[in-house]
Amino acid sequence: MKTKEIFDLAIKMGIGSDFRGSLGVQKFIDKKKKKYDSLSEGAKELYDIEAITNPYLDSRIHNIGEDKEIKKVLAGIDVDTAELLLAKSLGDIDLVIGHHPVGKGLSSLGDVMNLQADVYNYYGVPINIAEALNFPRIAEVSRGVTASNHQKPVDAAKILNINYINVHTPADNLVAKLLKDLIEKENPETVEDVISLFKEIPEYREAVKNGSGPKPITGKLENRCGKIAITEITGGTEGSPKLFEKMSQAGIGTVIAMHASEEHRKKAEEAHINIVIAGHISTDSIGMNLFLDELEKAGIEIVTFSGLTRFKRF
Ligand SMILES: [Fe+2]
């Protein structure tokens, strides 16, 4: 496989695990296409053309230095100039895959948050409420990333002539689906049962050893879970804190999150929702591993770094 085929596989896998279903994703893309078609020629030149084919704009091909068959991949959670220099110094890396968005992936982070409304809706929050709270939060996140120097690692990849992509929401969709299926199958009764269940997952076991294992940040271990929602795993970043009250009204008792800010924690507590923090980098690792498994099955050697703990599932 070449770089573009690897990237396309990530997008395809992300769609396969998307809460919106493939039809919902297609509708999202179709709206972008319609918007593009309605633009003037001048506006079309400035439009992010990737939006009409890629539903996950936080994931991008940042540089193709040499368009060759990829035999060895270096994959990590955060890839900046230092990591790219490390990749170069190893001498035999054909492609670097990062998880967190950089470049145009970071400036478009708000766009993938559109899927969150469908996730909340899946768990019973009316779509009008989910969208009404989601749209201002998307605007807030989009404003928040304007300060960053997005292109820094992309510039480094170009100078070093390294093939470099990042895969964010497709990987987060994969882990969200894995956790959703696990919760639906095992139906844990208490918060402690959720934690015990997660500790059977190798990436979380490793995180426990490193001091960052799954833990509740609101509610007690002995609390019964009620309805469990996997709402804070995919969709770019944390949703609106105001959604906790709405989730509570929709009958949700426990939320599984990668991480949560103090404001989110407080709002969840006020709404009597248990939040279980699965763990940020460990959860990111699961999603990336599910994708990397497919590359390894295709004969590509995988080396991991930058926080990614590699466990295979085949
Ligand atoms: Fe992350």
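Residues numbered from 1 in each chain as written. Predicted model: local features only at pLDDT ≥ 70, side-chain atom pairs only at ≥ 80, totals over all residues. Heavy atoms only, no water.

**Q** Provide a residue-level description of the packing of helix H10 (residues 169-186) against helix H11 (residues 191-198), including the pertinent values.
**A** Two quantities define a packed helix pair, namely the angle between the axes and the distance from one axis to the other. Between H10 and H11, the shortest axis-to-axis distance is 12 Å and the interhelical angle comes to 125 degrees. By the angle between their directions, the pair H10 and H11 is classed as oblique. When the axes of H10 and H11 are compared, the crossing they make is right-handed. Of the residues in H11, those in contact with Leu179, Leu182, Ile183 and Glu186 of H10 are Val194, Leu197 and Phe198. Split by residue class, the contact of H10 with H11 holds six nonpolar, no polar and one charged. (Axes fitted to C-alpha atoms, helices over the stretch in contact; angles between N-to-C directions. Helix = DSSP H or I, 4+ residues; strand = E, 2+ residues; numbered from the N terminus. Parallel < 35°, antiparallel > 145°, perpendicular 65-115°, else oblique. Left-handed = near helix turned anticlockwise from the far one by under 90°. Contact = heavy atoms within 4.5 Å. Nonpolar A, V, L, I, M, F, W, Y, C, P; charged D, E, K, R; others polar.)

**Q** Can you explain the packing of helix H1 (residues 3-16) against helix H15 (residues 280-297)? Please cite residues and give values.
**A** It is at 11 Å that the axes of H1 and H15 come closest, and there the two elements cross at 135 degrees. One element, H1, and the other, H15, form an angle in the oblique class. The handedness of the crossing between H1 and H15 comes out as right-handed. Contacts between H1 and H15 involve Ile6, Leu9, Ala10 and Met13 from the first element and Leu290, Phe291, Glu294 and Leu295 from the second. Grouping the amino acids of the contact of H1 with H15 by side-chain chemistry returns seven nonpolar, no polar and one charged.

**Q** For helix H12 (residues 202-209), give the residues involved together with the corresponding values.
**A** Among the residues making up H12, those that are buried are Glu203, Tyr204 and Ala207. For H12, the angular spread of the buried residues around the axis is 95 degrees, confining them to a single face. Those residues of H12 that are buried lie in contact with H10, H11 and H15. Directly beyond the C-terminal end of H12, a positive phi value near 85 degrees is found at Gly211. (Buried < 20%, exposed > 50% of the residue type's maximum accessible area, 1.4 Å probe, protein only. Arc of directions from axis to C-beta.)

**Q** Residue-level account of the coordination of the iron ion, with values.
**A** Think of it this way: four donors in a tetrahedron around the metal ideally sit 109.5 degrees apart, and six in an octahedron ideally sit 90 or 180 degrees apart. Coordination of the iron ion by the protein is provided by His100 (NE2), His280 (NE2) and Asp284 (OD), with metal-donor distances spanning 2.1 to 2.2 Å. Donor residues binding the iron ion come from one chain and are separated in sequence as H-x179-H-x3-D. Of this pair, His100 sits in the loop between strand S3 (95-98) and helix H5 (103-107) while His280 sits in helix H15, placing them 180 residues apart in sequence. (Donors = N, O, S within 2.8 Å, 3.2 Å for Na, K, Ca; no water.)

**Q** Now, about the sheet that holds strand S8 (residues 274-277): what can you tell me, with residues and values included?
**A** Ordered in space as S5-S8-S7-S6, the four strands form an open sheet in which the pairing is mixed. If you trace the sheet from one side to the other, it starts and ends with strand S5 (215-218) and strand S6 (227-232), each paired once. Neighbour-to-neighbour, the strand axes of this sheet turn through a mean angle of 30 degrees, independent of strand direction. By the bridge criterion, three bridges tie S5 to S8 in an arrangement that is antiparallel. Paired with Pro216 across the two strands is Val276, which belongs to S8. (Pairing = 2+ DSSP bridges.)

**Q** Explain the layout of surface pockets to me, using residue names and the numbers behind them.
**A** Unoccupied space between atoms shows up once a probe the size of one water molecule is rolled over them. Estimated volume of the largest pocket: approximately 340 Å³. Taken together, 13 residues make up the lining of the largest pocket; nearest its centre are Phe28, Lys31, Asn114, Asp118 and Glu131. Mapped onto the lining of the largest pocket, the elements with two or more residues apiece are helix H2 (21-37), helix H7 (114-122) and helix H8 (127-144). In terms of residue count, H2 provides more of the lining of the largest pocket than any other element does, five residues in total. (1 Å grid on protein atoms, 1.4 Å probe; cavity = no way out; pocket = protein on both sides within 12 Å on 5 of 7 lines; lining within 4 Å. Points joined across faces, edges and corners; volume = space filled by probe spheres on them.)

Function-wise, these values are silent; they only describe arrangement.
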